[in-house]
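# Structure at a glance
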Amino acid sequence: MSKRPLPPFECQYQGRLLAGVDEVGRGPLVGAVVTAAVILNPEKPIPGLADSKKLTDKRREALYEQIIERAVSWSLGRCEADEIDRLNIFQATMVAMERAVAGLHVEPEYVLVDGNRCPKWRWASEPVVKGDSRVEAISAASIIAKVTRDREMAVLHEEFPEYGFAGHKGYPTPVHLEALGRLGATAHHRRSFRPVQEAIDAVGLYSRAADQELQYPGDLFENTD
């Protein structure tokens, strides 16, 4: 039985300086949790804003460019893997959200946060369940955060192609779990997450030592007497 769609969200704040906030990356085993805050400009509408997970890569990239060009202000916040291990993923996400809003160059008067709770911060705010599909500013934030994190996973893939980061984006897919069990964990993995702990206990940390051994030509020391 399909769930009924949630009704349109009606915000009590009706001013212009409304920020939407969303996060990407709570579930992956590797990398940062990335958040974004966006204040849209009502005079520069962006058609097609939607939950970033429901958009194609090409559409997300196109909307990303429009958001950064037309928004009144936008900002990223993040917590790296070591902070996630120290704080736990929930607290790290709250910290990253606060960093995103604090980074806006225009002070918001009100903040809407995707989910069921807001960080304990100084801005008037409220959470919006499924906000990334109900509030345009949150949709925009979800797109900025996801495109940013996906790009970072593509870069990490270049450094560690054996793990397949460009495909699974760090989530615990069978491909990722198999690589963890075979190769161990990289320095970018979240050690407090159980599959990573198990990989470290069983295999240890990833090392390129064997790949980096110098290969000398066979005749390097010939005729040197």
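Think of each chain on its own: its residues are numbered from 1, step by step along the sequence as written. Two thresholds apply to this predicted model, a pLDDT of at least 70 for residue-level local features and 80 or more for giving and counting side-chain atom pairs, whereas whole-chain, interface and lining totals are computed over all residues. To get the side-chain values, all heavy atoms of the structure are used, and hydrogens and water are removed first.

## A few points about the environment of Gln91
Filter applied, for reference: Each helix is a run of DSSP H or I of at least 4 residues and each strand a run of E of at least 2, with the numbering of both proceeding from the N terminus. Burial classes follow relative accessibility: with a 1.4 Å probe on protein chains only, a residue under 20% of its type's maximum area counts as buried, one over 50% as exposed, and anything between as partly exposed.
When you line up the elements, Gln91 lands in helix H3 (residues 89-102). Its relative accessible area of 37% is what places Gln91 among the partly exposed residues. Between the C-alpha atoms of Gln91 and Cys79, which are twelve residues apart in sequence, the distance is 9.7 Å.

## Some points on the state of the cysteines
For clarity, the threshold we go by: Two cysteine sulfurs form what is called a disulfide whenever their separation falls within 2.5 Å.
Under the criterion given, the structure shown has zero disulfides. A disulfide-free cysteine, Cys11 has its sulfur positioned 11 Å from the sulfur of Cys118, the nearest such atom.

## Some words on the sheet that holds strand S3 (residues 73-79)
This is how the line gets drawn: At least two bridges found by DSSP between two strands is the condition for calling them paired. Axes, fitted as lines to C-alpha atoms, cover a helix only where it is in contact. Angles between the N-to-C directions of the axes lie from 0 to 180 degrees. By the convention used here, residues are in contact when the closest approach between their heavy atoms is within 4.5 Å.
In spatial order, the strands read S3-S2-S1-S4-S5; together these five strands make up an open sheet with mixed pairing. The sheet terminates laterally at S3 and strand S5 (125-128), the two strands that pair on one side only. Strand-to-strand, the axes of this sheet are offset by a mean angle of 20°, without reference to chain direction. Sitting on the sheet, H3 touches strand S1 (18-24), strand S2 (33-39), S3 and strand S4 (110-114), and the angle it makes with S3 is about 150°. With respect to the sheet, helix H4 (residues 136-159) is in contact with S1, S2, S3, S4 and S5, its orientation differing from that of S1 by roughly 35°.

## Overview of the side chain of Ser139
By the secondary structure assignment, Ser139 is in helix H4. Leaving out residues up to four positions away in the same chain, Ser139 has contacts with Leu49, Ala50, Asp51, Gly131, Asp132 and Ser133.

## Examining the pairing of S2
With seven of its seven residues buried, S2 lies for the most part within the structure. Along S2, one buried face is formed by Val33, Thr35, Ala37 and Ile39 and the opposite face, lined by Val34, Ala36 and Val38, is buried too. Pairing analysis gives seven bridges linking S2 to S3, with the strands arranged antiparallel. Note that in S3 the partner of Ala37 across the bridge is Ser75.

## Let's talk about unusual backbone geometry
Within the chain, Asn88 stands out as a residue other than glycine whose phi angle is a positive 90°. With respect to the helices and strands, Asn88 occurs in the loop between helix H2 (81-87) and H3. Positive phi, close to 60°, is recorded for Lys169, a residue that is not glycine. Tracing the sequence through the fold places Lys169 in the loop between helix H5 (165-168) and helix H6 (174-183). Here Lys169 falls in the buried class, since its relative accessible area comes to 18%.

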